[in-house]
Amino acid sequence: MSTFTETPAERIAGDLALAMHQQLIRPGERLPSQSKLMTSYGVAMGTASAALGKLAAAGLIRTVPGSGTFAVRPNPFEPNPVLDVMAAASLCRTLAAHSFGPGSAPVLEIGGGEDVDTSGDREGPLTRLVDVSALEGLDRHVLRWMSEALLSAARRLVASGPCEGDAHVIATARALLRDGGRRPEDQPAIAQHGGPAPADEHVVLRIWPERAAPADADPYGPPF
């Protein structure tokens, strides 16, 4: 369910985008016609046309004169804000349902899927592998929440287009697709509950650096 107020055109565009994400409308498959959308949603032709226009602006559909409008075949190597956020949502949801065997590398494949139409510039689906070692240890409920949050963001991107505030979620999605969320090499680790604290991490002193103990402090006294 969407968490923002949608116009009828935005609702239709969001529904169709979600259907494509869920493979209910597969890459290369023809979308419902404007007249079908008008009947199904009880809207005017202008509203149905506006919904398709939003999908086209998001790079999710292509129109073939005389044939109809078709879902695009996503290319995981070409940047597209909506498709990248949707792909990151799929990655999180797939990982939530996946179990890695002992000693196996935590790697998942993204992209691909069955193609209905292969008459485009590329033949067959494109796939790539993503190292998800940083995400593999997350709770499955957290991964599912991440997936739903990304899908909600993708739906909003289709409905209203990217805005300045969406830069963070797009960057986050692309980081997940690029390297599975691995932290940069120069970023210090943060201790996880129940695990050893990294040598370079002291949460309390990062919050209150002025509370560092003076050199002559009693080592057996209270911390503050």
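As the structure is a prediction and not an experimental result, all values here were calculated from the model.

### Considerations on helix H1 (residues 8-21)
Next, step 1: Here H1 contains 14 residues, and its C-alpha end-to-end distance of 20 Å stays within 8% of the 20 Å for a straight helix at 1.5 Å per residue.
Next, step 2: For H1, the tally of buried residues reaches ten of 14 residues, placing the bulk of the element in the interior.
Next, step 3: Taken residue by residue, H1 has Ala9, Glu10, Ile12, Ala13, Gly14, Leu16, Ala17, Ala19, Met20 and His21 as its buried positions.
Next, step 4: Buried-residue contacts for H1 involve helix H2 (34-41), helix H3 (45-57), strand S1 (61-64), strand S2 (68-71), helix H4 (81-96) and helix H5 (140-160).
Next, step 5: Looking one or two residues past H1, Gln23 carries a phi angle of roughly 65 degrees, positive in sign.

### Describing the pairing of S2
Next, step 1: As defined by bridge partners, S1 adjoins S2 across four bridges and the pair is classed as antiparallel. Bridge pairing links Thr63 to Thr69 in S2.
Next, step 2: The antiparallel pairing of S1 with S2 creates a hairpin that spans three residues between the two strands, and Gly66 there sits at a positive phi of about 85 degrees.

### Structural notes on the environment of Leu129
Next, step 1: One can find Leu129 in strand S4 (residues 127-131).
Next, step 2: The exposure class of Leu129 is exposed, given its relative accessible area of 61%.
Next, step 3: Distance in space between the C-alpha atoms of Leu129 and Glu109 is 4.4 Å, their sequence separation being 20 residues.
Next, step 4: Other than its neighbours up to four places away in sequence, Leu129 contacts Val107, Leu108 and Glu109.

### Digging into helix H6 (residues 167-179)
Next, step 1: Relative to the 18 Å expected for 13 residues at 1.5 Å per residue, H6 spans 18 Å between its end C-alpha atoms, a close match to the ideal helical length.
Next, step 2: Within the span of H6, buried status applies to Val169, Ile170, Ala173, Leu176, Leu177 and Asp179.
Next, step 3: Positive backbone phi, approximately 65 degrees, marks Gly180, located one or two places after H6.

Criteria and cut-off values
Every chain is numbered independently, its residues counted from 1 as its sequence is written. Selection of residues for local features in this predicted model requires a pLDDT of at least 70, selection of side-chain atom pairs for listing and counting requires 80 or more, and totals for whole chains, interfaces and linings are taken over all residues. Values shown for side chains rest on all heavy atoms present in the structure; no hydrogens or waters enter the calculation. A helix here means a DSSP run of H or I that spans at least four residues, while a strand means a run of E at least two residues long, and both kinds are numbered starting from the N terminus. Take the residue count of a helix, subtract one, and multiply by 1.5 Å to get its expected span. Note on exposure labels: buried denotes an accessible area under 20% of the residue type's maximum, exposed denotes more than 50%, and partly exposed covers the range between, all computed with a 1.4 Å probe on protein chains only. The contact definition used throughout considers only heavy atoms, calling two residues in contact when any of these lie within 4.5 Å. When DSSP finds two or more bridges between two strands, those strands count as paired.

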